[in-house]
Amino acid sequence: LSWFYNNDHTKAIENLQKSADVAIANEQWTLAIQNYINIGGINSSVFGNYMKAMEYYTKALRVCESQNLTYKIYDAYNGIANVYLYQKEDEKALDYYMKALLFLEKANDKSSLSILYQNIGQYYSTIHQVDQAELYYEKSLKTFREIEIKGGIITTLVMLSDIHRQRGQLGKALSNDMEAM
């Protein structure tokens, strides 16, 4: 991923694909899945190429299913959901977020749960269901606090501030903003 951090995203994808090919050939399924997910993420968030991102998230999901690697299915579902959300296919996005949520709650993976709660909150915020957005942001904040992830706490507080501002609850918004600082 050093190519990614040096902003050579095309080279990063090329190297991740080579790594995925080697991983598949050597039956290193977890590595292949993670490479596919990383390629999907770069295509989605950097290039805005949602079709290509979906292709790689789907590849990751197929490997998860074929190798019965249920602990990695969350990553594929979450990536697919994010693509649907970017493409304004809200119902499909929610469907995949909820599929991911089922896996993570069973696994009790608090780190991933905190991020997924945040993503679901963003989904509800996008479709202007602020009560549901707030519910998931609060779950995210609680979980981030339990595992003491400061960056997650700050980001979620800012998201909650936006919800409070939308409702005209400026005191709550200011309180969250101050805590985030």
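Structure shown above.
1. A look at the environment of V158
Residue position: V158 is located in helix α9 (residues 150-166). The spacing of V158 and D177 is 19 residues in sequence and 6.1 Å in space, taken between C-alpha atoms.

2. Looking at the nonpolar core
Counting 51 residues, the largest nonpolar core has Y97 and L116 as its most contacted members. Among the elements of the structure, α2 (9-25), α3 (29-46), α4 (50-66), α5 (70-86), α6 (90-107), α7 (110-126), α8 (130-147) and α9 are those that each provide at least two residues to this core. The element contributing the most residues to this core is α5, with nine residues.

3. Some details on α5
The terminal C-alpha atoms of α5 lie 25 Å apart, and with 17 residues this matches the ideal 24 Å at 1.5 Å per residue to within 8%. Counting buried residues in α5 gives 13 out of 17 residues, a clear majority hidden from the surface. Phi for K88, located one or two positions after α5, is positive at around 65°.

4. Remarks on the packing of α8 against α9
It is at 9 Å that the axes of α8 and α9 come closest, and there the two elements cross at 155°. If you check the angle between α8 and α9, you find them roughly antiparallel. Remark: the crossing between α8 and α9 carries left-handed chirality. Of α9, the residues touching α8 (which contributes V130, A133, E134, Y137, E138, S140, L141, F144 and R145) are G152, I153, T156, L157, M159, L160, I163, H164 and Q166.

How each quantity is defined
Residues numbered from 1 in each chain as written. Predicted model: local features only at pLDDT ≥ 70, side-chain atom pairs only at ≥ 80, totals over all residues. Heavy atoms only, no water. Helix = DSSP H or I, 4+ residues; strand = E, 2+ residues; numbered from the N terminus. Core = buried A, V, L, I, M, F, W, Y, C linked by side-chain atoms within 4.5 Å. Buried < 20%, exposed > 50% of the residue type's maximum accessible area, 1.4 Å probe, protein only. Expected span 1.5 Å × (residues − 1). Axes fitted to C-alpha atoms, helices over the stretch in contact; angles between N-to-C directions. Parallel < 35°, antiparallel > 145°, perpendicular 65-115°, else oblique. Left-handed = near helix turned anticlockwise from the far one by under 90°. Contact = heavy atoms within 4.5 Å.

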